[in-house]
Amino acid sequence: MVSDLTDRLRAFDVTGGLSDDELEALSRNVFPTRAVAGDVLVDEGQAGFEFVLIERGTCSVTVRGEIVRVLEAGDYFGEIALLEGGQRTARVTAASPCELLTLTAEGFAQLTDGHPDLVDKLMAVARERLDGDPA
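These numbers come from a predicted model, not from an experiment.

Draft legend 1. Inspection of the sheet that holds strand 6 (residues 76-77) at higher detail. On the basis of which strands lie adjacent, the open sheet formed by 4 strands has the order 1-8-3-6 and antiparallel pairing. Each having just a single partner strand, strand 1 (30-35) and strand 6 make up the two edges of the open sheet. In this sheet, strand 6 lies alongside strand 3 (residues 50-56) in antiparallel orientation, the contact comprising 2 bridges. Each bridged residue has a counterpart across the sheet, and for Leu53 the counterpart in strand 6 is Tyr76.

Draft legend 2. Seen up close, the side chain of Ser27. Relative to the helices and strands, Ser27 is located in helix 2 (residues 20-27). Among all residues touching Ser27, those that are not within four sequence positions of it are Ser3, Leu5, Thr6 and Leu9.

Draft legend 3. Focus on helix 5 (residues 116-130). Taking 1.5 Å of rise per residue, the 15 residues of helix 5 would be expected to cover 21 Å, and the 21 Å separating its terminal C-alpha atoms lies within 8% of that figure. When helix 5 is considered as a whole, its buried residues turn out to be Leu118, Leu122, Val125, Ala126 and Arg129. Projected down its long axis, helix 5 carries its buried residues within an arc of 100°, all on one side. Opposite the packed face of helix 5, turned more than 90 degrees from it, sit the exposed residues Pro116 and Asp117. Its buried side turned inward, helix 5 meets strand 3, strand 5 (66-72), strand 6, helix 3 (79-84) and helix 4 (105-112).

Draft legend 4. Region of the structure containing helix 4. Within helix 4, burial applies to Gly107, Phe108, Leu111 and Thr112. For helix 4, the buried positions fall inside an angular range of 130° around the axis, keeping them on one side. Looking at the buried positions of helix 4, the neighbouring elements they touch are helix 2, strand 3, helix 3, strand 8 (98-104) and helix 5. A positive backbone phi angle near 80° is found at Gly114, which sits one or two residues after helix 4.

The rules we used
- Residues numbered from 1 in each chain as written.
- Predicted model: local features only at pLDDT ≥ 70, side-chain atom pairs only at ≥ 80, totals over all residues.
- Heavy atoms only, no water.
- Pairing = 2+ DSSP bridges.
- Helix = DSSP H or I, 4+ residues; strand = E, 2+ residues; numbered from the N terminus.
- Contact = heavy atoms within 4.5 Å.
- Expected span 1.5 Å × (residues − 1).
- Buried < 20%, exposed > 50% of the residue type's maximum accessible area, 1.4 Å probe, protein only.
- Arc of directions from axis to C-beta.

If you want it as structure tokens, here you go:
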């Protein structure tokens, strides 16, 4: 039986290479959360312990107080700190009411383990973000 969370995870491009069994296992480390406009979801300089998928709503990303991009449904954040084992490189704030799927660090490891193409994709996005590409 496929869980509701498995179906919700399937909607994201980043999970496209995972089998139904892998998505089902991943769903055990996913926590649906909600945010209201103005909520700080992660803060620049903090240690990163989760990866967040945006189901609904928009989030603004700021670096040193300056907006560098806006994320919307289907986007994600938190990969840089988890891939590099470091701190958050930006503050992410809910710009509207949001519905989010938050993966624990363990869930992120499940997502990436055995999926080198996905890791390559996440690393490419991380490099673009760190280089200041607003996309």
